[in-house]
Structure formats: C-alpha cells, structure tokens
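# Survey of secondary and tertiary structure
Spelled out from the first residue to the last, the chains are:
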Amino acid sequence: MKSSILTVTILFIAVVFSSAKNNPAQDALKLSIERGKKVYDNTCLACHQVNGSGVPGMNPPLKKTKWVLGDKKVLINIVLKGLDQEIEVNDETYSNVMPAFAHLSDQEIADVLTYVRNSFGNKASQVTEAEVKKLRDK
Amino acid sequence: MKSVALKMMFLAVISLIFATAFANGPVKPKHPRADVTLKLPAGFTATPIAQDLGKNRHIAVAPNGDLYVKLEKLKNGKGILVLRESGGKAKVVNSFGDFAGTGIAIKNGYVYASNDQEVFRYKMNAKGEVEPNQKAEKIITGLIGRRQHEAKPIALDNAGNIYVTIGAPSNSCQTKDREKGSKGMDPCSLLDSAGGIWQFKADKLNQTYKDGARYATGIRNAMGIEWNDEVNDLYATQHGRDGLFQMFPELYNEEQGAELPAEEMMRVKKGSDFGWPYCYYDQMQNKKILAPEYGGDKMKQGRCEGVDTPVAAFPGHWAPNDLIFYTGSQFPEKYRNGAFVAFHGSWNRAPLKQKGYNVVFVPLQGGALNGKYEVFADGFIGGADIDSPDEAKTRPCGLAQAADGSLYISDSVTGTIWKVTYNK
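Description of the structure in this document. (Residues numbered from 1 in each chain as written. Chains lettered and ligands numbered in written order. Predicted model: local features only at pLDDT ≥ 70, side-chain atom pairs only at ≥ 80, totals over all residues. Heavy atoms only, no water.)

The next point concerns the overall build of chain B. Summing up its helical and strand segments, chain B has 3 helices and 28 strands in all. For 424 residues, the compact-globule estimate of 2.2 N^0.38 gives 22 Å, and chain B sits close to it at 23 Å. Principal axes of the C-alpha set define a box for chain B whose edges measure 85 × 60 × 45 Å. Looking at chain B residue by residue over its 424 residues, the buried ones come to 57%. Of all intrachain contacts in chain B linking residues separated by at least 6 positions in sequence, the fraction that spans at least 24 positions is 58%. For chain B, the accessible surface area stands at approximately 17500 Å², while carbon and sulfur atoms represent 52% of it. In chain B, which carries 52 positive and 46 negative side-chain charges, the distance between the mean positions of the two groups comes to 4 Å. (Helix = DSSP H or I, 4+ residues; strand = E, 2+ residues; numbered from the N terminus. Rg over C-alpha atoms; globule rule 2.2 N^0.38 Å. Buried < 20%, exposed > 50% of the residue type's maximum accessible area, 1.4 Å probe, protein only. Contact = heavy atoms within 4.5 Å. Areas by Shrake-Rupley, 256 points an atom, 1.4 Å probe, with all protein chains shown as cover. Lys, Arg positive; Asp, Glu negative; His and termini not counted. Charge placed at Lys NZ, Arg CZ, Asp CG, Glu CD.)

What follows covers the pattern of salt bridges. Tallied over the entire structure, the rule returns 28 salt bridges over all chains. Here Arg-136 of chain A makes a salt bridge to Asp-106 of chain A, at a shortest N to O gap of 2.7 Å. In this pair, Arg-136 of chain A is assigned in helix α6 (residues 129-137) and Asp-106 of chain A in helix α5 (residues 106-117), connecting sequence segments 30 residues apart. A residue is classified by how much of its surface remains accessible, and Arg-136 of chain A, at 30% relative accessible area, is partly exposed. Using a relative accessible area of 15% as the deciding quantity, one classes Asp-106 of chain A as buried. One salt bridge connects Arg-220 of chain B with Asp-242 of chain B, and the closest N-O pair in it is separated by 3.3 Å. Of this pair, Arg-220 of chain B sits in the loop between β13 (213-217) and β14 (222-228) while Asp-242 of chain B sits in the loop between β15 (233-238) and α2 (244-247), placing them 22 residues apart in sequence. Judged by relative accessible area, Arg-220 of chain B falls into the buried class, the value being 2%. Under the relative-accessibility criterion, Asp-242 of chain B is labelled buried at 9%. One salt-bridge network, in which partners are shared between bridges, spans Asp-177, Arg-178, Arg-220 and Asp-242 of chain B. (Salt bridge = Lys/Arg side-chain N within 4 Å of Asp/Glu carboxyl O.)

Bringing helix α2 (residues 24-48) of chain A into the picture now. Residues and elements named next belong to chain A. With 25 residues, α2 extends just 31 Å between its outermost C-alpha atoms, more than 12% less than the 36 Å of an ideal straight helix rising 1.5 Å per residue. For α2, the principal kink sits at Asp-41 and spans about 55°. Turning to α2, its buried residues number three or more, namely Leu-29, Ser-32, Gly-36, Val-39, Tyr-40, Cys-44, Leu-45, Ala-46 and His-48. In this structure Asn-23 caps α2, since a side-chain oxygen of it lies 2.9 Å from the backbone nitrogen of Ala-25. (Expected span 1.5 Å × (residues − 1). Bend = angle between axes of the 7 residues up to and from the residue. Polar contact = N/O pair within 3.5 Å; in protein donor to acceptor, adjacent residues only side chain to side chain.)

For the rest of this paragraph, the subject is the side chain of Thr-65 of chain A. All names here are of chain A. Position of Thr-65 among the secondary structure elements: in the loop between α2 and α3 (66-69). From its side chain, Thr-65 meets the backbone nitrogen of Val-68 in a polar contact 3.1 Å long. Sequence-distant contacts of Thr-65, defined by excluding residues within four places in its chain, comprise Gly-70 and Val-89.

The next subject is the sheet that holds strand β20 (residues 320-325) of chain B. Residues and elements named next belong to chain B. One open sheet accounts for 4 strands, arranged β20-β21-β22-β25; its pairing is antiparallel. Of all the strands in the sheet, the pair left with one neighbour each is β20 and β25 (374-377). Across the sheet, the axes of successive neighbouring strands diverge by a mean angle of 30°, strand direction being ignored. Bridge analysis of strand β22 (residues 358-362) against β25 gives 3 bridges, and the strand direction is antiparallel. By the bridge assignment for β25, Val-360 is matched with Val-375. (Pairing = 2+ DSSP bridges. Axes fitted to C-alpha atoms, helices over the stretch in contact; angles between N-to-C directions.)

All names here are of chain B. Within the structure shown, the criterion is met by 31 aromatic pairs over all chains. With 5.0 Å between their ring centres and 80° between their planes, Tyr-235 and Phe-325 make a pair best called edge-to-face. One end of the pair, Tyr-235, is in strand β15; the other, Phe-325, is in strand β20, with 90 residues separating them in the sequence. This pair shows no difference in class: Tyr-235 is buried, exactly as Phe-325 is. (Phe/Tyr/Trp six-rings, centres within 6.5 Å; stacked < 30°, edge-to-face > 60°.)

Because each turn of an α-helix spans 3.6 residues, side chains separated by three or four positions in sequence point in the same direction. All names here are of chain A. Leu-75, Ile-76, Ile-78, Val-79 and Leu-80 are the residues of helix α4 (residues 72-81) that are buried. Where α4 is buried, its residues meet α3, α5 and α6. Looking at where α4 begins, the residue whose side-chain oxygen comes 2.9 Å from the main-chain nitrogen of Lys-73 is Asp-71. Looking one or two residues beyond α4, the residue adopting positive phi is Gly-82, at roughly 80°.

Quick look at the state of the cysteines now. Scanning the model with the defined rule gives 2 disulfides over all chains in all. Disulfide partner of Cys-279 of chain B: Cys-304 of chain B, at an S-S distance of 2.1 Å. When the S-S torsion is -90°, as for the bridge of Cys-279 of chain B with Cys-304 of chain B, the disulfide is left-handed. Here Cys-304 of chain B lies in the loop between β18 (287-290) and β19 (312-314) and Cys-279 of chain B lies in strand β17 (residues 279-282), a separation of 25 residues in the sequence. Considered together, Cys-279 of chain B and Cys-304 of chain B belong to a single accessibility category, that of buried residues. Look at chain B and number its bonded cysteines as they come in the sequence; the links are 1-2, 3-4. Unpaired in this structure, Cys-47 of chain A has its nearest cysteine sulfur neighbour in Cys-44 of chain A, at a distance of 8.8 Å. The class for Cys-47 of chain A is partly exposed, based on a relative accessible area of 25%. (Disulfide = S-S within 2.5 Å.)

Take a positive patch on the surface next. Residues and elements named next belong to chain A. Where like charges cluster on the molecular surface, the positive patch consists of Lys-73, Lys-81, Lys-134 and Lys-138. Looking at where Lys-134 falls in the secondary structure, it is placed in helix α6. A relative accessible area of 62% places Lys-134 in the exposed class. (Patch = residues over 30% accessible without salt bridge, like charges linked within 9 Å, V, L, I, M, F, W, Y side chains within 5 Å.)

Residue and element names in this part refer to chain A. Following both chains from N to C, one finds α4 and α5 inclined at 120°, their axes separated by 11 Å at the closest point. Classed by the angle they form, the pair α4 and α5 counts as oblique. In the packing of α4 onto α5, the handedness of the crossing is right-handed. Contact residues: Lys-72, Leu-75, Ile-76, Val-79 and Leu-80 in α4; Ile-109, Leu-113 and Arg-117 in α5. In terms of residue class, the contact of α4 with α5 is built from 6 nonpolar, no polar and 2 charged. (Parallel < 35°, antiparallel > 145°, perpendicular 65-115°, else oblique. Left-handed = near helix turned anticlockwise from the far one by under 90°. Nonpolar A, V, L, I, M, F, W, Y, C, P; charged D, E, K, R; others polar.)

Printed below as a string of structure tokens:
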C-alpha cells in the first residue's frame, strides 16, 4: 500500500520536473548545482568528504546542519572568512580549522553553496552571485 | 497554465508530507553495535569482551590484570573505566576521573591519565586498585590544547620521568592554517610549546612548561608514544601532514597526495628533531623532503638533509593512534619485542578510497626494523572499501598487552574492546 502511494508520488514528481523543464529559474538552479559540484569536488570534498558526512571529531558534516540550511549570510561568510571556533553538530564537537576560500569567485561560492544546500539530503534555496558579492564588499 | 501551477502545488504538498514522514521515522541508534569480524593471521582469534563502553581512546593494563579505558567523552560523569575479565567477558567494575581525554598509563602503583591540557595521577591501594573516591593529583598543567591535535598521549620510563605528546595545533605551520597559498612560518613559532614530546617528572605536582623540557621536536602529532624497555628509549608514531595534493596540485597528483607523506614510527632520543613543519618523510624516496610551504618541489631535500628519519614508514594518512611493544610469551617468537601499531584510518585520501583502519605488526630486532611491517588485524570497517571515515563500523584506537600475553584493542566508534589470543 505504502509503496504504491510512493510510486504514484514519484511519478507525479517526475511529471512536475518534466513540466518544469522550460522554467528558466529551474534551469538556472540546475546549472548552478552542476557548476557547484565541480567546485565542491575541488575545494571542499577533501575535508567534508564525498557524501558530505565530514570526518568524526574533525570536520563537521554538511547534512541538514543549521549552517547549511540556515541564514545564507552566515553560510557565505564561513566560505569567505573560514571558521575557527568550537561548534557542535548532532552532539559531536569538531576540532579542525576551516580555512577561508576568498580566492573563489562570487559565482563559484554561490554555486558551491547552492550545490551543498541541494545535496546530501539537503533542500534549500539557491545562493546567488549578488548575495556573495554584497558580503564580500562589506 | 493555471492547472499546471495548481498541480505543482498539490504535488509539492504531497511530497512534503512524505519527506516529513520519512525524516521522522524511527530514530536509529547513532552507533549500533557493529557486527564486525576481524581478520587475523592463522592461529589467532579476536573476541569482543566488552561493547558499548563509549568513545574509547587509549587503554592500559594494571599488574592485577584489570584493563583501564580512557574515554574521549564522559560516561555518567566519568572518564576512566576499569574492566575485569571473567568467563570470556569483561565487566566494568569501577569508574573514576571527571575528565575526558586520550592518554592513560600505569606505572609504579599509580594510574596516570590526561585531558587535553593536563595530566593527573591516582594512587592505587594495596590491592592494586583505585579507590572509588581516590583524589587525583594534578602533576602537569597549562599545556597547549587548542582544538587541533589536542590529545595528550603519555608514556613513562624507568627513571621517574613522564613523556607527554604536545601535538601542533596546525597542519603545516602556515600563517593561515590550511589556507591554500599561505606561507609557512619560518621559524615556526609553534615549536616552542607544541609539535614535539615534552619530559616531566612523574611524581611532582603542578608542573608547567617551565618545569619540563622539550625532549624532542619537529613531531607534528605523536599519538602513539611508548617506552621500549628492551632498548631503553622512547618510541612514537606521528600523524603526518595533510593536503599535499589539495594545496599544491601543481606539484602532487591525487594519488601522491594520498600516499604522501609517510606516517612515521620513530625512535626518539633526547634532542631529536624529526623536521615538522619544514620536512616530511617520503617512503618512496626513503628520505626527508623539504615541504612545499618552505620552498620544496617534492624532490629537493634542502635543510632536511640530516634531519632524523623514522624506524618504519607507512602509507600516508593511515593515522597511527597507538603503539605498544610485545613482551609476552603467548604469541609466536617472531612477535617478541616487535611493535603493534593501531591505525585509526584515513580521511585525507578522498576522493580515493580510505585506508588504514587496521592493526599492524612491525618486526624489530634490538629496536631496529627487522623486515617489512605486516597487517595483523583487519576488517574493522566491517565491509568492503569505504569512501569516508563515518562509514567505518569500528576504528582501532588503543592497544595494550593483557596479563596473559593477549592483545587488547579498543574501538572508538562503538566502544568495543577485543581480546586477541593465540592458540597453537
């Protein structure tokens, strides 16, 4: 019973996605996620790992954390300025330093955060180039 | 058009309901008891004698055979558990110490244990046990314990000294830690108070840096340290630096960044300098190489010529977390006076498969390498290859030799203790 409802739902979702094919906003999101994956693989993966699970006790996971899903300004600043403070995610504390990635372009930072916010089980709005630029210029 | 929008909204609601339903499903225990079978050489068996203890770190055996387990996170307010075996199982018979940490050692009627800044000791009573309300004596305090490489492994010699690892709160002493393009500090100011092993008196209270001596330097993070009674010297296992490929892709490819630098097992003399952060050991070229932050090009030795070299070298990022020498008579002769090293397992090999997560035997004769190391215990991850450390079902972290000559191995994920025995 449950599985047939699930199948129907999945079918409906597929329809929605295909009918959204020509939606420019959706296209932009999709492209940003694709570009963002490349940035992630080159710059974030080493520490946060292939599946966003992080490294126990060292580098925190990027799965449904309050930083990933929360205030975009805080999130953008983590990438622009790095992070070096005691943080707790899901009852674990993490001890390494996150360096700043200010050498990435505004577009790259927007893309990688959009990718992270839409991967590893996350679902959240896009981060735009303009939002990154605004914070960098501050 | 309007109907499409409506349809989408309807579906969004439905999928939201589903998503929430699934997200709120039954909560799985975070670290379920792992179904792990260790692989060992013929004749050896591993029995999980205790499980679900907590975040096990280093372990030590008392003269009466009790096993002391240091926890990285307090359990019921206690950081040290005492286990006693009977009938193939070990039960917690005592617990004490209101601090979490890594280091534990037993010597001359005292239990020594550390948190990330201090070392304490507890006197054992006439029965060789620590009384439940026994007061701790603080013997060392004020050590650097910033959040990176903060654990304080300890070892004691036979002349009244205690050795404490003070790991460097840094990867390679860059001006900005782990930031691509940031230069290495020269000289590295961290070496005055970290990145080495310090010597203190085992019986003096409240010692600080000024009461101790920097025994050896240029060691990034010696997680394993142990006194070798046979040759009367300190040995250590270092966690080598990270990020050669990530920070210098123009010099190192992905594979080289995963294999380099070697993890080192070192014989540590007073005044030894193993070269961190300026140098790292390349196990393919068999020499210390100048680190790229200090002008290295992956071949050049420069100032690293003449820097102390390891007794044994292992593949990069395996994370050697503990070291002991085997002095028992239960295992076959070849193990006598050789070393066991527990590798906690890598993360800085991604996106390649992670490695380590095993216990290795290092054959030694007179304290020098006598043949190639061999993997002794494997299978801790509980399955095929893993991409990230959180997929490992268990991870070996601490080692100790049991009173009957068996080997105890502690696991930091599920809180298991294995006892490895040999039956001819």
